[in-house]
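# Commentary on secondary and tertiary structure
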Amino acid sequence: MIAEIYHKTSSRLEDELTGDFFGIMRYIPFQNGLKQLLEKRVKSKDELVFCMLAKIKENKFDFEFWKRSETGLGEIDGYLEIENLAIGIEVKYLSGLSGEDQLEREAGMLKEWCRGGERLLLLVADESVAQDIYLDNYTKKCFQKVHLGYITWQDMLLGLDDVITTTRYEEIMIEDLKELLREKGFVAFDGFTCKGLKINRGKYYEFG
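Residues numbered from 1 in each chain as written. Predicted model: local features only at pLDDT ≥ 70, side-chain atom pairs only at ≥ 80, totals over all residues. Heavy atoms only, no water.

### Topic: the overall build of the chain
Put simply, the test is: Numbering of helices and strands runs from the N terminus, with a helix taken as a DSSP run of H or I at least four residues long and a strand as a DSSP run of E at least two residues long. Residues are treated as being in contact if the distance between any of their heavy atoms lies within 4.5 Å.
Secondary structure summary: the chain contains nine helices and seven strands in total. Long-range contacts, defined as pairs at least 24 residues apart, comprise 70% of the intrachain contacts of the chain with a sequence gap of at least 6.

### Notes on unusual backbone geometry
Basically, it comes down to this: The cut-offs for exposure are 20% and 50% of the maximum accessible area for each residue type, with area from a 1.4 Å probe on protein chains only; residues under the lower value are buried, those over the upper are exposed, and the others partly exposed.
Even without glycine at this site, Trp-66 takes up a positive phi of about 50 degrees. With respect to the element layout, Trp-66 can be found in strand 1 (residues 62-68). For Trp-66, a relative accessible area of 30% puts it in the partly exposed group.

### As for the confidence of the model for the chain
Note the threshold: Predictor confidence is given residue by residue as pLDDT, running from a minimum of 0 to a maximum of 100.
Confidence in the prediction for the chain averages 89 pLDDT; 85% of positions are at 70 or higher. A low-confidence stretch, residues 204-208 stays under pLDDT 50, and its non-local contacts, those more than four residues away or across chains, total three contacts.

### Quick word on the packing of aromatic side chains
Spelled out, the test is: Pairs were defined over the aromatic rings of Phe, Tyr and Trp, the Trp ring being its six-membered one, requiring ring centres within 6.5 Å. Orientation was assigned from the angle between planes: stacked under 30 degrees, edge-to-face over 60, tilted for the rest. Charges are assigned to positions over rings by a cutoff of 6 Å between ring centre and Lys NZ or Arg CZ, combined with an angular limit of 35 degrees from the ring normal.
Tallied over the entire structure, the rule returns eleven aromatic pairs. Measuring from ring centre to ring centre gives 5.2 Å for Phe-22 and Phe-63, while their planes differ by 15 degrees; the resulting arrangement is stacked. Of the two residues, Phe-22 sits in helix 2 (residues 14-25) while Phe-63 sits in strand 1, which places them 41 residues apart along the sequence. Each of the two residues, Phe-22 as well as Phe-63, counts as buried. Between Phe-30 and Phe-61 the ring centres are 5.5 Å apart and the planes differ by 75 degrees, which places this aromatic pair in the edge-to-face class. Highlighted residues: Phe-30 in the loop between helix 2 and helix 3 (34-41) and Phe-61 in the loop between helix 4 (47-55) and strand 1, separated in sequence by 31 residues. On the basis of relative accessibility, which here comes to 1%, the residue Phe-30 falls in the buried class. Three or more aromatic residues joined by ring pairs form one cluster here, namely Phe-21, Phe-22, Phe-63, Phe-65, Trp-66, Tyr-93, Trp-153 and Phe-186. Its guanidinium or amino end placed over the ring of Trp-113, Lys-67 lies 4.9 Å from that ring's centre, counting from NZ or CZ.

Now the structure itself:
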């Protein structure tokens, strides 16, 4: 990650971005780190997504990278179980899905691994494609039993300001992640102030 920040590599691989970002976030207690990002920044038309994230009280979690299905459905970039919720994470850098049924297959993986409890599939992608991918998929039958949401890398960068750090080392990790996402080009418009009137990002897009 440090090499990428300082322009010492030309890699644009999604796997490296997945490992860099979530590899750091797994070192921070869930309540202080991922919950702050997901609860405040995830978007979904499914209100249960927000209820499930808000209910989580646990801090300890295991994050599995590139977990592979035993039934041939493929693999998913990230997987974690916390309390009664299984969360699958599909990461995209600048591209779209690798196939029209990719999220359907990943929903099948969550049902394979989590027989009971709730299941949540999250797409993490650039804002140029994230919403369209979500809208193309959320009405599919498989997402009646697996909840679907998305979060953009631009919102992830903004959300890092919400992460609660308790040590200087955690502060450094979060600052490194911010710099990494800036280096990747994920700086978002976040509103502006004109003659004392604050126009936030959401209101701007409503007018747009």
